[in-house]
Each structure stands twice: as C-alpha cells, then as structure tokens.
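Listed below, chain by chain, are the residues.
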Amino acid sequence: QDTTITTSGKYGVYATTASLARDTIQGWGQYPVSVTAPSIAAIVDPASGNDVVADGGGVRNTYEIRGGNVAKDATWPALPAGFAYLLQATTITTVQGLPAPTLTIAEGAVVKFGPNSGQTGTYLQIGHGTDGTKGGKLLATGVTFTSALDDSVAGDSTGDGATAPAKGQYGGIVFLDFASDAS
C-alpha cells in the first residue's frame, strides 16, 4: 500500500492472490501485473487507487491473467487507452460456482487471448459442463475479444514486434451446459 514498484526485470507484481491499494507500478520488463482471475478485479478497480504508468512505446501494457476461477461476482473495468487484459497462453479462466457468479466486463475493455488453440488452448469458460450446481454468467457489451497477436487493438501485448491476428490463434469463449442463458 502506498508503494512505488519500479524498474522490474520481469513483473511489477506477480502473485496468485493479491490486494493492492494506492500503489504505482512503472518500468516493468514483462507485464505490470500478473495474477490469477480471482485477484484482477480488485487490482484494476478504480477505487483501489492503483496507477500503472504506461510504457511509452505501447509494449506490454497488459494485465496478465494466469487462469483461475471467478467464483463470485466480479467486474473487470475498462482500462486506460492502450491497455488490455491478457489471458495467458494455454490457460483456462473459468466463471463458475454456487451460487452462479457473474463476470461483467465493462464496455470499451479489451481482452486478449494468449496464442494457442485446440485441447490445450486459451479459453474463457462460462458455467460447468456436468455439475448443474455450478453455473456462471458473462456480461460483456462493447468489449473487444481478440488474439494477443492483434497489435491493432491496445498495442503490442506480447512484446514480439508487429503482428496481426489470424483465425485459430486462441480457443475462445466457451459456454458450457450450465452457463446462464442470459450470457
């Protein structure tokens, strides 16, 4: 709390669970923040007072989400221009629980999926496939979902130079049997 995290060789903050308040993160090597899905909402909530100073070149201005389950209602707010959420490659981020949680992604947000498809792909999974007690819901209007290789939206999220999106670069959003019909 009330700390400046600067000139990191890799991450500003890397944690499984984290709670930050009124912190400034700048000068990272990889990503400013890398956490699991249950922690990201509190870190990016404008009320937290956290400030991530953008890379001037637009490289890796990305909040990395390393999978995990959103088991209670959460909101991912729109980030400042040039920033995106990045679901780490080959991870599955789920929204499921009892009672069924809702993940709301705010209008204007950009969600990028790490490059990988197929059985080990990068997915956002809503609901549960076999357990009817574990539902889930996604609310996302005016949100851009795209590949991490899409540099035309929110800059170069992977730091690999100019790349363009192509079909099949990520798994996608999967609504399982017990996802809310209102998603």
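What counts, and where the lines are drawn
Residues numbered from 1 in each chain as written. Predicted model: local features only at pLDDT ≥ 70, side-chain atom pairs only at ≥ 80, totals over all residues. Heavy atoms only, no water. Core = buried A, V, L, I, M, F, W, Y, C linked by side-chain atoms within 4.5 Å. Buried < 20%, exposed > 50% of the residue type's maximum accessible area, 1.4 Å probe, protein only. Helix = DSSP H or I, 4+ residues; strand = E, 2+ residues; numbered from the N terminus. Contact = heavy atoms within 4.5 Å. Salt bridge = Lys/Arg side-chain N within 4 Å of Asp/Glu carboxyl O. Pairing = 2+ DSSP bridges.

Here's the deal with the nonpolar core
Then, number 1: If you look at the biggest cluster of nonpolar residues, it comprises 34 residues, and the most contacted ones within it are Ile40, Tyr63, Trp76, Tyr85, Leu103, Ile105 and Leu124.
Then, number 2: Counting residues per element, the ones that place at least two in this core are strand E4 (31-35), helix H1 (37-44), strand E6 (62-65), strand E8 (74-76), strand E9 (84-87), strand E11 (102-105), strand E12 (110-113) and strand E13 (123-126).
Then, number 3: Non-local contacts of Tyr85, meaning those with residues more than four positions away in its chain, are made with Ile40, Val44, Thr62, Tyr63, Ile65, Trp76, Pro77, Leu79, Ala109, Val110, Val111 and Lys112.

Thoughts on H1
Then, number 1: Of all eight residues making up H1, six are buried, and the element is well covered by its neighbours.
Then, number 2: In this structure, the buried side of H1 is in contact with E4, E6, strand E7 (68-70), E8, E9 and strand E10 (92-95).

Observations concerning the pattern of salt bridges
Then, number 1: Under the counting rule described, the total for this entry stands at one salt bridge.
Then, number 2: A salt bridge links Arg22 to Asp2, with the shortest nitrogen-to-oxygen separation between them at 2.9 Å. Of this pair, Arg22 sits in the loop between strand E2 (11-14) and strand E3 (24-26) while Asp2 sits in the segment before strand E1 (4-6), and the two are 20 residues apart along the sequence.
Then, number 3: The exposed category is assigned to Asp2, whose relative accessible area is 53%.

Description of the sheet that holds E3
Then, number 1: The sheet built from three strands is open, its strands ordered E1-E3-E5 with parallel pairing. Each edge of the sheet is formed by a strand with only one pairing partner; in this case those strands are E1 and strand E5 (51-52).
Then, number 2: Alignment of E3 against E5, held across two bridges, turns out to be parallel. Each residue of the ladder has a partner; that of Ile25, found in E5, is Val52.

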